[in-house]
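Examination of the molecular architecture
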Amino acid sequence: MPIIINIDVMLARRKMSSGELAEKVGITPANLSILKCGKAKAIRITTMEAICRALDCQPGDILEYRPEETSSG
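Residues numbered from 1 in each chain as written. Predicted model: local features only at pLDDT ≥ 70, side-chain atom pairs only at ≥ 80, totals over all residues. Heavy atoms only, no water.

Our focus in this paragraph is the overall build of the protein chain. Looking only at helices and strands, the protein chain has 5 helices and 2 strands in total. Scanning the protein chain from its N terminus toward the C terminus, one meets helices and strands in the order β-α-α-α-α-α-β. Based on the C-alpha atoms only, the size of the protein chain along its principal axes is roughly 50 × 20 × 20 Å. Buried positions account for 26% of the 73 residues belonging to the protein chain. A separation of at least 24 residues holds for 64% of the contacts in the protein chain among residues at least 6 apart in sequence. Roughly 5,300 Å² of accessible area belongs to the protein chain as shown, and the carbon and sulfur atoms make up 52% of that amount. (Helix = DSSP H or I, 4+ residues; strand = E, 2+ residues; numbered from the N terminus. Buried < 20%, exposed > 50% of the residue type's maximum accessible area, 1.4 Å probe, protein only. Contact = heavy atoms within 4.5 Å. Areas by Shrake-Rupley, 256 points an atom, 1.4 Å probe, with all protein chains shown as cover.)

Take G26: it is sitting in the loop between α2 (18-25) and α3 (29-36). G26 sits 16 residues away from A42 along the chain, and the two C-alpha atoms are 17 Å apart.

On to the side chain of T47, then. Within the secondary structure, T47 sits in helix α4 (residues 45-55). Overall, the relative accessible area of 16% leaves T47 in the buried class.

Once their charged atoms are close, side chains differing in charge can pair, the charge on each being opposite to the other. Per the stated rule, a full pass over the model turns up 4 salt bridges. The closest approach of N and O atoms between K24 and E20, which form a salt bridge, is 3.8 Å. Here K24 and its partner E20 are both found in helix α2, 4 residues apart, which amounts to about one turn of the helix. On the accessibility criterion, E20 (36% relative accessible area) is partly exposed. (Salt bridge = Lys/Arg side-chain N within 4 Å of Asp/Glu carboxyl O.)

This paragraph deals with the environment of K24. For the pair formed by K24 and M10, sequence separation is 14 residues and the distance between their alpha carbons is 14 Å. With near-sequence residues (within four places) excluded, K24 lies in contact with M16 and A54.

Orientation of α2 relative to α3, taken along the N-to-C sense of each, is 110°, at an axis distance of 9 Å. By the angle between their directions, the pair α2 and α3 is classed as roughly perpendicular. Contact with α2, carried on its side by S18, L21 and A22, involves P29, L32 and K36 of α3 and no other residues of that element. Class assignment for the residues of the contact of α2 with α3 results in 4 nonpolar, 1 polar and 1 charged. (Axes fitted to C-alpha atoms, helices over the stretch in contact; angles between N-to-C directions. Parallel < 35°, antiparallel > 145°, perpendicular 65-115°, else oblique. Nonpolar A, V, L, I, M, F, W, Y, C, P; charged D, E, K, R; others polar.)

Of note, K15 is a non-glycine position whose phi angle comes to about 50°, a positive value. By the secondary structure assignment, K15 is in the loop between α1 (7-14) and α2.

Turning our eyes to something else, we now look at the confidence of the model for the protein chain. Detailed reading of the predicted coordinates is not advisable wherever pLDDT falls low. The pLDDT averaged across the protein chain works out to 93; a share of 95% of its residues lies at or above 70. By mean pLDDT, strand β1 (residues 3-5) is the weakest element of the protein chain at 92, and α4 is the strongest at 97. (pLDDT = per-residue confidence, 0-100.)

Written out as structure tokens, the structure is:
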């Protein structure tokens, strides 16, 4: 998947646990886990806003685009 979720990186930088972030954001730890591992199909802007507020970061600190490798041939 070309969109990479870097929540774990920001959690480590802020020395915060996943459970603490889930509580601050108001989502379940299970939903945060789905988001962290890249299995979520979408994220609400309000959820992204709450994550950024809790982690004191920008959306670009969390989301990264990496083009998929294409085989020529």
